[in-house]
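# An overview of the molecular structure
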Amino acid sequence: MTPGQPVVASASQSGIGSAGNHQPANLGDILERVLDKGLVIAGDIQINLLDIELLTIKLRLVVASLETAKEVGIDWWENDPWLTGEDSGVRAENRQLRARIAELEAAPDTGEESTRDEESAG
Amino acid sequence: MPERQGVWLYAVTRDPAPEVLGELTGVSAETPRLVEAAGLAAVVGDVPLSSFGEAALRRNFEDLDWLAPVARAHDSVIVALIDRGPAIPIRLATVYHGDDRVRHLLEHRAVEFTRALDQVTGRTEWGVKIFLAPAPDPVPAAGGPSPRGAGAAYLARRRATLNSREHQERRAVEQANRAHAALASLAVDTRTHPPQSRALAGEDARMILNGAYLVDNEHTLRFAEATAACDQDNDAILVRLTGPWPPYSFSVLEEA
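Residues numbered from 1 in each chain as written. Chains lettered and ligands numbered in written order. Predicted model: local features only at pLDDT ≥ 70, side-chain atom pairs only at ≥ 80, totals over all residues.

## A look at the confidence of the model for chain A
All names here are of chain A. Averaged over every residue, the pLDDT of chain A is 51; the share at 70 or more is 27%. Low pLDDT (under 50) marks residues 1–24, which in the prediction has 47 contacts with non-local residues, meaning those over four places away or in another chain. Confidence over residues 50–88 falls short of pLDDT 50; this stretch has 53 contacts with residues more than four positions distant or in other chains. (pLDDT = per-residue confidence, 0-100. Contact = placed C-beta atoms within 7 Å.)

Structure follows, in structure tokens:
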């Protein structure tokens, strides 16, 4: 897998330069691959890259979604504390839903009417 | 009290080359090591949670001065491993609380890891970026000043420029599609990623195709030649080859 020499497509007069060098040095390319590609598996510590705006570098990268992590299947969010870390987006909604479930489970048999009332009030 | 450590994952392989690890430097300047289970080996590094814990990562990822060397170190460890044999690169910032958790992962998903390794064995990922070629200068209007006056002449010129640019872009897209089809026919698998922004690509030209191609190693030369041919034969586009890459774009755990 080691071609002997750089396989640079020609016509470099535009300054596109030496992309195609054997050893890629372009930081943008490396960031794109290590942040956006590569196997996504759920670690114990997992930052949701969607939350990271990378404002300082203004790079638009398509990043891992919670759905992708879910698809590959370790339910790390069930037993790790990071979900409780911040009040944003999915996490907040998740917590609200859990609270709601707990509430419903804890409630005595109040019948459907009052449940709906609570929902619309909340 | 020693600082709390996390276990950072670089790659999963079934052909561990322990002798290569000693020469490598990981994301936290640590020497990577192996965690083995189920006939597989995870290449990991011990990293302090003060820098690589969740809150710290969230903060550090906003800091290019921190992120850039970490990304390069992560990539360079994986590249060194790939030189010794097939490996599945793991996305940046996958951290576990301990070796047991990594062993559990290897055991739990051994079948899928093995399948993913089979898919990339003897193959290499190549990147191909296609840019719009710089537009040719519009042909200056022949003859003297327009009889219709300077304003009308300006508008006519402007319209001609816009038309030719639109025409040029249409041709570029057609040529890019043809180039992609030609390259894909030499590849085992392909992915098209979103074109990079100018900032990311570091180029003035607009990227219109950002492809990844998984190519059998025996076809490397043919693929490189085909890329060069696509560049030469198509005047509206610039075709650039990058790689060889670890199979970042083709590392997926497919369900059975």
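There's more to say after this.
## Examining the confidence of the model for chain B
Chain-level statistics for chain B give a pLDDT mean of 88 and a share of 91% at 70 or above. For this predicted complex, the interface score ipTM comes out at 0.79, alongside a pTM of 0.69.

## Comments concerning unusual backbone geometry
Residues and elements named next belong to chain B. Omega for the bond connecting Gly243 with Pro244 falls within 30 degrees of zero, at 5°, which places this linkage in the cis form. Its place among the elements puts Pro244 in strand β9 (residues 237–245). Backbone geometry places Ala38, a non-glycine residue, at a positive phi of 55°. If you trace the backbone, Ala38 turns up in the loop between β2 (33–37) and β3 (40–48). (Helix = DSSP H or I, 4+ residues; strand = E, 2+ residues; numbered from the N terminus.)

## So, the packing of helix α1 (residues 27–36) of chain A against helix α4 (residues 64–84) of chain B
Between α1(A) and α4(B), whose axes approach to 10 Å, the crossing angle comes to 70°. By the criterion of interaxial angle, the relationship of α1(A) to α4(B) is roughly perpendicular. Classified by chirality, the crossing of α4(B) by α1(A) is left-handed. Residues A:Leu27, A:Ile30, A:Leu31 and A:Val34 of α1(A) form the contact with α4(B), whose participating residues are B:Ala68, B:Ala71, B:Arg72, B:His74 and B:Asp75. Here the residues of the contact of α1(A) with α4(B) sort into six nonpolar, one polar and two charged. (Axes fitted to C-alpha atoms, helices over the stretch in contact; angles between N-to-C directions. Parallel < 35°, antiparallel > 145°, perpendicular 65-115°, else oblique. Left-handed = near helix turned anticlockwise from the far one by under 90°. Nonpolar A, V, L, I, M, F, W, Y, C, P; charged D, E, K, R; others polar.)

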